[in-house]
Amino acid sequence: MPHHHRNPRSLLTPTMHGVLDRMARASKLPLHALSPAQARLAYEVGANVLEISPVKLPRVESFTVPTRDGYELPVRLYAPAQAEGAPLPVLVFFHGGGFVVGSIATHDSLCRSLSHLAQCAVLSVGYRLAPEFLFPVAFDDAWDAVQWVFQQGAEVGLDTWRIAVGGDSAGGTLAAVCALQARDAGLPLALQLLIYPGCSARQEMPSHKTFGQGFLLEKAHIDYFFKLFLRSAADRDDWRFAPLLADDVAGVAPAWVCLAECDPLVDEGLLYADRLRAAGVAVDLELYRGVVHEFVKMGRAIPEARQAHQAAARALKQVFGAS
């Protein structure tokens, strides 16, 4: 693993370096210095600054789906033009933000881009956040949304035989866990689209040290998020928090895994991809060199982000059968 550099910042692409320098100069208070409500606001304000302009789609609808405890879960459905009456394959998408920040709005451009490029529907899920809602509520909400698509998706024009799950960061964790739950429930998913997912119970792998400071997602952020999200130390050892702890990953949906080289989470993402492969799961791994966590939301500045959108769309088209 490529973490023996005396100066890991030399791994960054010049463009990525420039973006991080500009962010450092803007030197707003870090999220982990803020209250959860302030952190959410700060993330909302910054989330789309480097994002590509939102693609116009013929169909964008917000509604709610019921969860097991009667909560009305906000979702947003994005869809390209479809042939009259032909149901669309769908990506159920979970946004990142450490289970504390992020929203349907912060990931709106990304979801539009994926819907447009893959010519599929995207259902973005506004699962409940910590600290108001602690582990495992986010996972229950995510899984309830997936089950709703299987059971009721046809009513909103979705093809319930062609369902993928996906997400970035904490949302990637949710997607990986939903893929395990779908296997256990006998529900056939076409793909799990994992964008730099959190997979590990503890942040001990070499990349956490190498890229723990100065690469956007810092050790202090991770500690802050998990402290707000987990009820107790025991929750760390639950496979729903750390899919690397799942007893057996055989039989889950094929995976498209997108990792950033200069990301504290890169090692656990590589390990999870290896774990899936070893269990006979088809894995397509894309490691983007010289970029940091969150890079897929920086398409205006970072060419690798646009490449990753295209690659994700190709993976979706492939499993959905380009219609």
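Residues numbered from 1 in each chain as written. Predicted model: local features only at pLDDT ≥ 70, side-chain atom pairs only at ≥ 80, totals over all residues. Heavy atoms only, no water.

## Here we look at the overall build of the chain
For step 1, the next point in the chain: When helices and strands are tallied, the chain shows 9 helices and 8 strands.
For step 2, the next point in the chain: Computed over its C-alpha atoms, the radius of gyration of the chain comes to 18 Å, within 12% of the 20 Å expected for a compact globule of 323 residues.
For step 3, the next point in the chain: Along the three orthogonal principal directions, the C-alpha set of the chain runs to about 55 × 40 × 40 Å.
For step 4, the next point in the chain: When each of the 323 residues of the chain is scored for burial, the buried share is 59%.
For step 5, the next point in the chain: Residue pairs in contact within the chain that sit at least 24 positions apart in sequence constitute 79% of those at least 6 positions apart.
For step 6, the next point in the chain: Taken as a whole, the chain presents about 13,100 Å² of accessible surface, with 55% of it coming from carbon and sulfur.
For step 7, the next point in the chain: In the chain, the 29 positive side-chain charges and the 33 negative ones have mean positions that sit 6 Å from each other. (Helix = DSSP H or I, 4+ residues; strand = E, 2+ residues; numbered from the N terminus. Rg over C-alpha atoms; globule rule 2.2 N^0.38 Å. Buried < 20%, exposed > 50% of the residue type's maximum accessible area, 1.4 Å probe, protein only. Contact = heavy atoms within 4.5 Å. Areas by Shrake-Rupley, 256 points an atom, 1.4 Å probe, with all protein chains shown as cover. Lys, Arg positive; Asp, Glu negative; His and termini not counted. Charge placed at Lys NZ, Arg CZ, Asp CG, Glu CD.)

## A word on the pattern of salt bridges
For step 1, the next point in the chain: What the rule picks out here adds up to 17 salt bridges.
For step 2, the next point in the chain: The partner of D141 in a salt bridge is R128, with the nearest N and O atoms 2.8 Å apart. Of this pair, D141 sits in helix α4 (residues 137-152) while R128 is found in the loop between β4 (121-125) and α4, placing the two residues 13 residues apart along the sequence.
For step 3, the next point in the chain: Note on R128: relative accessible area 8%, which makes it buried.
For step 4, the next point in the chain: By sharing partners, the salt bridges in this structure join R68, D140 and D144 into a single network. (Salt bridge = Lys/Arg side-chain N within 4 Å of Asp/Glu carboxyl O.)

## Notes on the packing of helix α3 (residues 108-118) against helix α9 (residues 303-320)
For step 1, the next point in the chain: At their nearest, the axes of α3 and α9 sit 8 Å apart, and the two run at 50° to each other. Here α3 lies oblique to α9, going by the angle between them. You can see that α3 and α9 cross each other, and the crossing is right-handed. Contacts between α3 and α9 involve L110, S113, L114, L117 and A118 from the former and H309, Q310, A312, A313, L316 and K317 from the latter.
For step 2, the next point in the chain: Here the contact of α3 with α9 is built from residues that sort into 7 nonpolar, 3 polar and 1 charged. (Axes fitted to C-alpha atoms, helices over the stretch in contact; angles between N-to-C directions. Parallel < 35°, antiparallel > 145°, perpendicular 65-115°, else oblique. Left-handed = near helix turned anticlockwise from the far one by under 90°. Nonpolar A, V, L, I, M, F, W, Y, C, P; charged D, E, K, R; others polar.)

## Focus: the packing of aromatic side chains
For step 1, the next point in the chain: Taken as a whole and assessed by the stated rule, the structure comprises 12 aromatic pairs.
For step 2, the next point in the chain: Taking 5.6 Å as the distance between ring centres and 40° as the angle between the ring planes, the aromatic pair formed by F99 and F139 counts as tilted. Of the two residues, F99 is situated in the loop between β3 (88-94) and α3 and F139 in helix α4; the sequence distance between them amounts to 40 residues. You'll find F99 and F139 in the same group, each marked buried.
For step 3, the next point in the chain: With 5.7 Å between their ring centres and 85° between their planes, F135 and F229 make a pair best called edge-to-face. Of the two residues, F135 sits in the loop between β4 and α4 while F229 sits in helix α7 (residues 219-229), which places them 94 residues apart along the sequence. (Phe/Tyr/Trp six-rings, centres within 6.5 Å; stacked < 30°, edge-to-face > 60°.)

## Quick look at the packing of α4 against helix α5 (residues 170-185)
Packed helices, taken two at a time, are described by their axes: the angle between them and the distance between them.
For step 1, the next point in the chain: Relative orientation of the contacting elements α4 and α5 amounts to 55°, with a least axis distance of 10 Å. On the basis of the axis angle, α4 is oblique to α5. Relative to α5, the crossing made by α4 is right-handed. Here α4 contributes A138, F139, A142, W143 and V146 to the contact with α5, which in turn contributes T173, L174, V177, C178, Q181, A182 and A185.

Geometric values such as these leave the question of function open.
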